[in-house]
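# An overview of the molecular structure
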Amino acid sequence: MLTKKQQELLRFIEQRLAADGVSPSFEEMKAALDLKSKSGIHRLITALEERGFIRRLPHRARALEIINRDTDNIGGLKDHDHDQPMRRGFSPNVIAGNFPTPPQPPETGALQDVVALPLYGKIAAGTPIEALRNHSEHVEVPAAMVTGGEHYALSVSGDSMLDAGIHDGDTVIIQRCENAENGTIVVALVDELEVTLKRLRRKGSAVALEPANAEYETRIFGPDRVRIQGRLVGLMRQYT
């Protein structure tokens with residue numbers, strides 16, 4: 001059975017194919033369904049494809065085909081079903097609600113799964129600053145980068161981790177945790193006020209936050225002054 005949004009998208013694609021002979025673009029589908037991002041369209045299209053209502057035609061941009069299906073039988077799609085003529089005006093079964101489906105590929109030729117992570121704002125890789133949390137912002141990252149645990153993203157401000165390959169303006173992917181091994185690059189909360197990205201070093205009860213740039217000094221704190229907020233697991237960089 002289909003969700004309400006899946007049914008709406010199927011109807012919209014069917015109408016555009018009937019009117020123009022060409023399936024709508026992802027931007028047009030996003031606007032028609034009043035969604036905020038194209039990733040939602042990717043999930044809906046993949047769900048329709050998996051359920052045997054549509055298929056993507058290879059090597060052609062914006063090429064979708066509605067498959068002739070018995071909507072009372074949502075089982076496995078037989079190979080010969082793809083060769084049957086398309087039928088207009090069918091009525092798929094619908095269930096209320098818009099249930100989540102697994103993250104799906106971005107609108108490119110690559111078949112790589114992506115997930116949307118909350119972007120909590122800027123983190124200093126120089127002088128610590130308070131993290132700015134904005135739950136309305138998200139960033140899409142490859143799913144393989146965030147296997148296991150809870151993750152979030154931060155924008156890097158500063159150059160104190162330059163020698164570790166982390167540049168000003170990069171987006172770092174963080175796995176949430178409260179402990180990390182020596183030498184791990186972590187998000188550290190200092191005195192419950194300042195958040196910074198540094199390499200963690202421990203010796204006895206002392207906690208050192210070590211930069212990766214000779215122009216910056218290592219800062220040393222007592223154990224009660226530093227809380228680990230997560231560890232670095234990935235990095236994304238946009239070239240302009």
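The terminal C-alpha atoms of helix α3 (residues 38-50), which comprises 13 residues, lie 18 Å apart, in line with the 18 Å expected from a rise of 1.5 Å per residue. On its buried side, α3 packs onto α1 (4-20), α2 (26-32), β1 (54-56), β2 (64-66) and β4 (138-142). Within two residues after α3, Gly 52 carries a phi angle of roughly 85°, on the positive side.

Attention now goes to the environment of Thr 184. On the secondary structure map, Thr 184 appears in the loop between β6 (171-175) and β7 (185-190). In the structure, Thr 184 is positioned 48 residues away from Leu 232 in sequence and 7.6 Å away in space, judged by C-alpha atoms. When neighbours within four sequence positions are excluded, Thr 184 is seen to be in contact with Lys 198, Arg 199, Leu 200 and Arg 231.

A word on the pattern of salt bridges. Applying the stated criterion to the full structure yields 11 salt bridges. Between Arg 11 and Glu 14 there is a salt bridge, with its nearest N and O atoms 3.3 Å apart. With a gap of three residues between them, Arg 11 and Glu 14 both fall in helix α1, about one helical turn apart. Exposure remark for Arg 11: the relative accessible area of 25% places this residue in the partly exposed category. Its salt-bridge partner being Glu 28, residue Arg 16 comes within 3.3 Å of it at the nearest N-O pair. Residue Arg 16 is found in helix α1, and its partner Glu 28 is found in helix α2; the two are separated by 12 residues along the sequence.

Each value, and the rule that gives it
Residues numbered from 1 in each chain as written. Predicted model: local features only at pLDDT ≥ 70, side-chain atom pairs only at ≥ 80, totals over all residues. Heavy atoms only, no water. Helix = DSSP H or I, 4+ residues; strand = E, 2+ residues; numbered from the N terminus. Expected span 1.5 Å × (residues − 1). Contact = heavy atoms within 4.5 Å. Salt bridge = Lys/Arg side-chain N within 4 Å of Asp/Glu carboxyl O. Buried < 20%, exposed > 50% of the residue type's maximum accessible area, 1.4 Å probe, protein only.

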